[in-house]
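# Analysis of the macromolecular model
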2 protein chains.
Amino acid sequence: MGGHDKAKRGIPPKSDFSAWYPAIVEIADLVDKRYPIKGMDVWRPYGWKAMKNIDALTHSEMERTGHEEVNFPLLIPEDLLEKENKLVARLKSAREAGVDPSDMRFDEEVEGFKKEVYWVKHAGENELDIPMFLRPTSETAMYTLFPLWIRSHSDLPLKTYQIVNTFRYETKQTRSFIRVREIHFFEAHTAHVDEDAATAQIQEDLEIVDNIMTDLCLPVIVSKRPVWDTFPGAWYTIAIDVIMPNGRTLQVASCHHYRDQWAVAFDMTYEDENGVRKNCHQTTYGMSERLLGAVVGTHGDDHGLIFPPKSAPIQVVIMPVAAHKSEAVMETVNAVSEKLKSSGYRTYLDDRDIRPGQKYYDWEIKGVPLRLEIGPRDIENGTAFAARRTGGKSPISLDEIVSAVSNELSEITDELSSRCNNTMNTMIKPLNSLEQEIEDAIIYEVAFDGNDSDAEILEKTTGLTILGDSMNPYDSPQECVVTGKKTTRRQHLARMY
Amino acid sequence: MGGHDKAKRGIPPKSDFSAWYPAIVEIADLVDKRYPIKGMDVWRPYGWKAMKNIDALTHSEMERTGHEEVNFPLLIPEDLLEKENKLVARLKSAREAGVDPSDMRFDEEVEGFKKEVYWVKHAGENELDIPMFLRPTSETAMYTLFPLWIRSHSDLPLKTYQIVNTFRYETKQTRSFIRVREIHFFEAHTAHVDEDAATAQIQEDLEIVDNIMTDLCLPVIVSKRPVWDTFPGAWYTIAIDVIMPNGRTLQVASCHHYRDQWAVAFDMTYEDENGVRKNCHQTTYGMSERLLGAVVGTHGDDHGLIFPPKSAPIQVVIMPVAAHKSEAVMETVNAVSEKLKSSGYRTYLDDRDIRPGQKYYDWEIKGVPLRLEIGPRDIENGTAFAARRTGGKSPISLDEIVSAVSNELSEITDELSSRCNNTMNTMIKPLNSLEQEIEDAIIYEVAFDGNDSDAEILEKTTGLTILGDSMNPYDSPQECVVTGKKTTRRQHLARMY
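Residues numbered from 1 in each chain as written. Chains lettered and ligands numbered in written order. Predicted model: local features only at pLDDT ≥ 70, side-chain atom pairs only at ≥ 80, totals over all residues. Heavy atoms only, no water.

## Things to note about the packing of aromatic side chains
Residues and elements named next belong to chain A. In this structure the tally under the stated criterion is 38 aromatic pairs over all chains. Aromatic side chains F146 and W149 sit 5.8 Å apart centroid to centroid with 35° between the ring planes, which places their arrangement in the tilted category. Pair noted here: F146 and W149 are both in helix α5 (residues 139–149), with a separation of 3 residues, about one helical turn. Taking the relative accessible area as the measure of exposure, W149 reaches 8% and is therefore buried. (Phe/Tyr/Trp six-rings, centres within 6.5 Å; stacked < 30°, edge-to-face > 60°. Helix = DSSP H or I, 4+ residues; strand = E, 2+ residues; numbered from the N terminus. Buried < 20%, exposed > 50% of the residue type's maximum accessible area, 1.4 Å probe, protein only.)

In structure tokens:
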């Protein structure tokens, strides 16, 4: 774990979140920001392990739900965008005809997107005939090949995903994991026989999100984004937001229902049971390294990180204490370490020859959920001394060390979840009228059922952004805060990252 | 596994390797070559699983040997090359002084390398102040940060690796896995206190190579490359070549000893126990998706792929036969499948409602090492019928299915290894004189101890390329085939990919 630099370890108090966050990601050895391109950090081993543990949760959910992993090229030739232009044209005429208001901003978005990509126009000493760009996301690359893979209804559903890096020429201020220019990215792309089948996929996606967020002890707000925040080319977008300690929401996942909009542009059709050619209906589901950003930001404290056990690079650190070089102690410590490892736990044996206090301090910073200390007296008592990163210490049985550790870790998980739920409850307040005073670092829930200009009023008055329709509407109708008409639509207002 | 297209399945005979290889990678669903950039294939789920299994072997060896995984940015600003230019200048003057002939070609190589990279000179609508290139390998990126990580001897050895994609603007003909423009790549980079410690690292690397090649049933030729084939900036390069069926050798791995050459250029120093500042000595070790190319090319046959069990995406395919919808059969089939899965085997239950012959055909193409058939009569006998992809069928005990399958798979592994060893032995012949007739598809081993112009004679006369000094020299001195002087230096001559 070497290479610590004591001098750099002054952790700002977490109450000063805008100082704490950028400091802790480096102090805890997650990333190194000294790489000479803004917004492109180097993943250090500890941070990369955390990210891979989160990826492993995703892989496991993908396997459970029958998604297959693919890997598409990074570079996309510009001329493939022609098909997207077709999509733009189609949506434009739909809009003019008034039939499909959901994609109003798609053509502007395609233009906007071109402003955000990195271009490869040269290779070696040649200028390329057709410029290429680094994928910002993979619709264009994938939907060029999907029509070759899909012929009949028996090829559907097609459920694929990949975990790759995507690139965005970010002009806003960059922040590790939260806003970067090379993004560690997950994207699932599916094709289905019809709209209902695609809708069922979105339901499955939300179930997957729920499982992963539970593993990461992150309570979330799930919202159907307003039309103007819908992903380009999507019929609707459901976004998953985490509330960060500074009261800003961080979008960590999103699911998009495309209906057959992209399918038409990319000629993605299939032959049904009766030999009739039909358009596929599609969905996508994206997540990114922001999940790690949310874990870091939400769970850490003044002393450093706190990893939820399922994502922790090291779940249990084991320390021999006092006469730590005694053979009996080392024997027990090694046996415990081996037992836990062979049961699938990620452990680390810290037998460095330094003061215990220094060790505690190191592992606190790194957010290891459970610390086990074993000394001669513990061995006499048949126990190890277990200290939780979330607070609390107690002896646990050496004989039943595996189940005892499993127990400790699940209690730590529960504690983190309940803490975050409590925090979330204190950070969300109702907005009952437009006159209400807006507090700092507070997310507002509000009954709102207005049109675009009502939304503008709401956002301007509060200085906040509408996250969209909660998946959890009011039980009984409330008065819309702008129009006064009755509605069960519960929406959230927040400052977004 | 859907999406098969029967029509496309005409597999050319393997004897026609240049037709067989490009056909089988698509027929077996490893990649799709229809992505519109030459040399950038789409990894399909089956091919990607195979690659990830090979990566898993690498990760496991890296963990065993205490390497830590990092992940560096893809983009490298051109101005970082200044340090490499420093290296060039230093090597040039060393060459002029006659002290270090090993790096003769480094400056030309740096120039050559610029001809092989993809350039990012534009982002959004801006032209970048400093052009960036997509990494062809990561020395420059990593050695910019290593000096910040290494301060004292206690930070050494630094043993890091990453598995990332690298990019090369390849102008030669591209071939899946063998010569591509986006390369799935493994690179280990280490720093040590002195030359000996770096040399020991090279020894460890060769041990790792040996383990991985054994798992992949690939016999190899390990050679110290001639000076003119040494990696730019390296003191020496050890390369690992596999013999492909057409008699061409494929370099699948290489290890480079850098001494302190890069360390000087990048100011990579440390303070030793006595407070003295010293240069690090470094090594790198690279492998790539060529490992999969070697597996495909070496083990396949006229009927399709044959995966060595450790890399197989599916190790065991299980089929209910005859009255395959009978409850008893399905119960047994499911139980066997679960048992094998929970013992860590990658299995697939094929209960499709098609002729068994069609199923055999499918799994033969995909190279699944072991097929288990279970019908009512087998259940009566307490057996499953096991058919090996390498040939041979026999009943195995249902009661001891896990150990029986383990046994079958290790016999398949042994069979593949022994086949390849035999093939290799028939493909390597001694070259006893320059007059000897050169046969097609043959690798020659030769006693050679000449200088550069002797090497040129040897290569010109035979029309072959010198692979370099075998790590396994002759036991007793032989006559050098060009100079006639006695030498134990065993070298190989081949056509290289």
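## What about the domain arrangement of chain A?
All names here are of chain A. The domain boundaries assigned to chain A delineate domain 1 (42–298), domain 2 (314–416) and domain 3 (428–496). With both chains or domains summed, domain 1 and domain 3 bury close to 1400 Å², and 63% of this area falls on carbon and sulfur atoms. By the criterion of area lost to domain 3, the three top residues of domain 1 are I221, W228 and T249, representing 34% of everything that side buries. In this structure, the connection of domain 1 to domain 3 is made through 0 salt bridges. Our enumeration of links across domain 1 and domain 3 arrives at 5 residue pairs in polar contact (both at pLDDT 80 or more). Element by element, the count of residues in the side of domain 1 that touches domain 3 is highest for strand β9 (residues 221–224), at 4 residues. (Domains from an automatic or database assignment. Buried area = accessible area lost by both parts, 1.4 Å probe. Salt bridge = Lys/Arg side-chain N within 4 Å of Asp/Glu carboxyl O. Polar contact = N/O pair within 3.5 Å; in protein donor to acceptor, adjacent residues only side chain to side chain.)

## Here we look at the packing of helix α9 (residues 327–342) of chain B against helix α12 (residues 401–427) of chain B
The packing of two helices is summarised by the inter-axis angle and the distance between the axes. All names here are of chain B. Following both chains from N to C, one finds α9 and α12 inclined at 65°, their axes separated by 10 Å at the closest point. When the interaxial angle is binned, α9 and α12 end up roughly perpendicular. At the point where α9 passes α12, the crossing takes the right-handed sense. Facing α9, whose interface residues are V336, K339 and L340, α12 presents I401, V402 and V405. (Axes fitted to C-alpha atoms, helices over the stretch in contact; angles between N-to-C directions. Parallel < 35°, antiparallel > 145°, perpendicular 65-115°, else oblique. Left-handed = near helix turned anticlockwise from the far one by under 90°. Contact = heavy atoms within 4.5 Å.)

## Let's talk about the sheet that holds strand β5 (residues 118–123) of chain A
One open sheet holds the 6 strands; their spatial order is β4(A)-β6(A)-β5(A)-β5(B)-β6(B)-β4(B), and the pairing between them is antiparallel. Strands at the two margins of the open sheet, each flanked by one partner only, are β4 (75–77) of chain A together with β4 (75–77) of chain B. On average, adjacent strands in this sheet sit at an angle of 45° to one another, irrespective of strand direction. In terms of strand pairing, strand β5 (residues 118–123) of chain B meets strand β6 (residues 126–134) of chain B through 4 bridges, oriented antiparallel. Looking at the pairing, W119 of chain B lines up with F133 of chain B of β6 of chain B. (Pairing = 2+ DSSP bridges.)

## Digging into the interface of chain B and chain A
With 55 residues of chain B at the contact, the number on the chain A side is 55 residues. Summed over both partners, the interface of chain B with chain A comes to about 4800 Å²; 61% of that surface belongs to carbon and sulfur atoms. Between the two partners, chain B and chain A, sit 2 salt bridges. One can count 20 residue pairs in polar contact (both at pLDDT 80 or more) joining chain B with chain A. Elements represented by at least two residues in the side of chain B that touches chain A include exactly β2 (42–43), α2 (45–64), β3 (68–69), β4, β5, β6, α5 (139–149) and β7 (158–167) of chain B. With 6 residues, the top contributor of residues to the side of chain B that touches chain A is β5 of chain B. Taken together, the residues that form the side of chain B that touches chain A break down as 30 nonpolar, 8 polar and 17 charged. (Nonpolar A, V, L, I, M, F, W, Y, C, P; charged D, E, K, R; others polar.)

## Considering the relation of the copies chain B and chain A
Mapping chain B onto chain A leaves a residual RMSD of 0.0 Å; the transformation is a rotation of 180° accompanied by 0.0 Å of translation along its axis. Put plainly, the chains are arranged around a two-fold axis. Across chain B, the rotation axis passes nearest the C-alpha of V120 of chain B, at a separation of 2.4 Å. Interface overlap between copies is the fraction of interface residues in one copy that are interface residues in the other; for chain B against chain A it reaches 100%, indicating a shared surface. (Least-squares fit on C-alpha atoms with pLDDT ≥ 70 in both.)

## Comments concerning the sheet that holds strand β18 (residues 383–388) of chain A
Residues and elements named next belong to chain A. Across the sheet, 5 strands lie side by side as β16-β15-β17-β18-β19; this open sheet has mixed pairing. Strand pairing shows two members of the sheet lacking a second neighbour, β16 (347–349) and β19 (393–397), which therefore form its edges. Taken over all neighbouring pairs, the strand axes of this sheet differ in orientation by 25° on average, direction set aside. With 4 bridges joining them, strand β17 (residues 370–374) and β18 adopt antiparallel strand pairing. The residue bridging L370 from the neighbouring strand is R388, located in β18. With respect to the sheet, helix α9 (residues 327–342) is in contact with β15 (316–320), β16 and β17, its orientation differing from that of β15 by roughly 170°. Sitting on the sheet, helix α10 (residues 356–365) touches β15, β16 and β17, and the angle it makes with β15 is about 175°.

## Re the pattern of salt bridges
Two side chains with opposite charge may pair up if their charged atoms get near one another. Residue and element names in this part refer to chain A. All told, the structure shown has 54 salt bridges over all chains when counted by the stated rule. Between R64 and E61 there is a salt bridge, with the nearest N and O atoms lying 2.8 Å from each other. Placement of the pair is R64 and E61 together in helix α2 (residues 45–64), with a separation of 3 residues, close to one helical turn. Overlapping salt bridges bring together D350, R352, K359 and D362 as one network.

## Details of the side chain of Q282 of chain B
Residue and element names in this part refer to chain B. Within the secondary structure, Q282 is located in strand β14 (residues 281–288). A relative accessible area of 0% means that Q282 is categorised as buried. Once residues lying within four places of it in the same chain are set aside, the contact partners of Q282 are Y143, F146, T190, A191, A198, H256, H257, Y258, R259, W262, A263 and M268.

## Regarding helix α13 (residues 452–462) of chain A
Residue and element names in this part refer to chain A. For α13, the complete set of buried residues consists of D454, A455, L458 and T462. With its buried residues spanning 105° around the axis, α13 presents them on a single face. On its buried face, α13 sits against β22 (465–470) and β25 (490–496). (Arc of directions from axis to C-beta.)

## Quick word on unusual backbone geometry
Omega for the peptide link from L156 of chain A to P157 of chain A comes to -5°, which places this bond in the cis form. Tracing the backbone through its elements, the reader meets P157 of chain A in the loop between α5 and β7 (158–167). With a phi angle near 55°, D267 of chain A is a residue other than glycine that sits in the positive phi range. Relative to the helices and strands, D267 of chain A is located in the loop between α7 (261–265) and β12 (269–271). A relative accessible area of 47% means that D267 of chain A is categorised as partly exposed. In this structure, R259 of chain B takes a positive phi of about 50° despite not being glycine.

## Brief notes about the pairing of strand β15 (residues 316–320) of chain B
Residue and element names in this part refer to chain B. Judged by how many residues are buried, β15 sits mostly within the fold: 5 of 5 residues are covered. Pairing of β15 with strand β16 (residues 347–349), which is carried by 3 bridges, proceeds in the parallel orientation. Within the sheet, the bridge partner assigned to V317 lies in β16 and is Y348.

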